[in-house]
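Chain and residue survey
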Amino acid sequence: MALAAGARGRAGRCGRCGPGALLAFAAWTAGWVLAAALLLRAHPGVLSERCTDEKSRRILAALCQDYRGGWLAGDLCQDLCEAGMLRYQRCLYYERGKKVLQAEWRGRPVVLKSKREAFTSFPPLSLLEEGPQGRPREAELLLMVAGEVRHALGLELPSGSLGPLWPGWRGVGWRRQVASAWALLQQEEYVYLSLLQGLSRHVPPVLGSCGHFYAVEHLAAGSPRHQALFPLEQKQARARAQAVSRIALSFLDMVGHFDHDFSHRLHLCDIKPENFAIRRDLTVVAIDVDMAFFEPKMKEILEQNCTGDEDCNFFDCFSKCDLQVNKCGAHRVNSNLQVICDKIFRHWFSATLRDSAVPLQRQLQLQEAVRECAGPTRSSGRAAPSVFWKLRRLLQATLRELQEADK
């Protein structure tokens, strides 16, 4: 507001200014607009709401009020709203409408998530609006579920594979069960986690839901504030070096898994420590997959109009601009591995540390491999597949050497 008022004031004072002054004023204004746009792209959280316990408790109270009013359902509602077995602990963050809250469920730490605050903010299922008398046919509902998955993920799934997303109704409360399942289906992250349930150890399983909120396990999340990006219990240098090597190997395992183990490659377009966590066995888990896309959806996102390669950047997923047709290529030209090497591995292996438990020669080899992995740009294409195996061999050798030194 102050910036806008200042701009209006300067414009008024420049009413009798010459062309040069007006051009300077226009350039000044454009510079501020560009700076603001870049700030919002780099830090979208600056427009996020303040995360408070008071508001979080109000959100859950409204959820329980809707549950008691018969508007929504879920296998966690009774524990949250009546039995007191699912207890709110603290607000983790609000971002672009998304609410993420920490809770304790029967003694187990969990995270409650929803893309939106209120149940009524999700568009209702049209079949429920049209026919208040009888139940919609199961085939009609499954057709709409498949359409929602196709829209969200770009995947054509047979009705037989939709069980994790559409378990069907039970008992007399079918209407609120269907309405709750539909609200969850409109959340891409919930759809991803549900479809990958039991298929991947690198994503958290959905533990249950109440209305539009769903619960996942609470894990030790990464942060640039941690010296090793992830909270590590190990105090001694050798033990910490072993832990970092195990985490790095788990990142490589995740890369190979997402590249090859599904019917389509899974692209991660927002790679940063905060979007990953580690289990006690140091397995890496992608805890925020709002910006994850299977290959069909990735092509749809990338294939846009352009005047240069910079127009083909979608966060961490890059394409190239074909200037003959002014269209971005449908295929991503960098990879999950390249970005992980750049944003995660560089932090661990970019400097030679004299007090490191890792031998100097091995440190230099890891640095070279990480540079080779992160180095390719859009002009030179993806990192060669061999660098994956090179990194894996080096990390395995490092881990063996550290373990042998402990004997």
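Up top is the structure.
Structural notes, computed from the coordinates. Residue numbers here run from 1 along each chain, matching the order of that chain's written sequence. Totals for whole chains, interfaces and linings use all residues, but because this is a predicted model, local features are given only for residues with pLDDT of at least 70 and pairs of side-chain atoms are given and counted only at 80 or more. Excluding hydrogens and water, the side-chain values take into account all heavy atoms of the structure.

In space, the three strands of this open sheet follow the order S6-S8-S9, with antiparallel pairing throughout. Here the strands that pair on one side only, and so sit at the sheet edges, are strand S6 (220-221) and strand S9 (284-286). As judged from the three bridges shared by strand S8 (residues 276-278) and S9, these two strands associate in the antiparallel manner. Bridging from a neighbouring strand, Phe276 pairs with Ala286 of S9. Throughout, a residue-residue contact means that at least one pair of heavy atoms, one from each residue, lies within 4.5 Å. Where helices are involved, their axes are fitted lines through C-alpha atoms of the stretch in contact, as for all axes, and angles between N-to-C directions lie from 0 to 180°. Working definition: helices are DSSP H or I runs of at least four residues, strands are E runs of at least two. Numbering for both runs from the N terminus. Of the strands in this sheet, S8 and S9 are in contact with helix H9 (residues 237-260), which crosses S9 at around 45°. Only strands that DSSP links by at least two bridges are regarded as paired with each other.

Moving on to the pairing of strand S5 (residues 213-217). The buried fraction of S5 amounts to five of the five residues, a majority that puts the element mostly inside the structure. In the sheet, strand S3 (residues 108-114) pairs with S5 via four bridges, with the strands oriented antiparallel. Paired with Leu112 across the strands is Ala215, a residue of S5. Examined bridge by bridge, strand S4 (residues 206-210) and S5 share four bridges and lie antiparallel to one another. Directly across from Gly208, in S5, lies its bridge partner Ala215. As consecutive antiparallel partners, S4 and S5 are separated by two residues, and within that stretch Gly211 has a phi angle of approximately 60°, a positive value. Relative accessible area decides the class of each residue, using a 1.4 Å probe on protein chains only: under 20% of the type maximum gives buried, over 50% gives exposed, and in between gives partly exposed.

The strand order across the open sheet built from five strands is S1-S2-S3-S5-S4, with neighbouring strands paired in antiparallel fashion. In this open sheet, the two strands that pair with only one neighbour each are strand S1 (86-95) and S4. For this sheet, the mean angle separating the axes of adjacent strands, direction not counted, is 25°. Sheet topology places strand S2 (residues 98-105) next to S3; seven bridges connect them, and they run antiparallel. Across the sheet, the residue bridging to Ala103 is Val110, located in S3. Across the sheet, helix H3 (residues 53-68) touches S1, S2, S3, S4 and S5, and the angle it forms with S1 is around 115°. Together, S2, S3, S4 and S5 form the strand contacts of helix H8 (residues 188-195), whose direction differs from that of S5 by roughly 50°.

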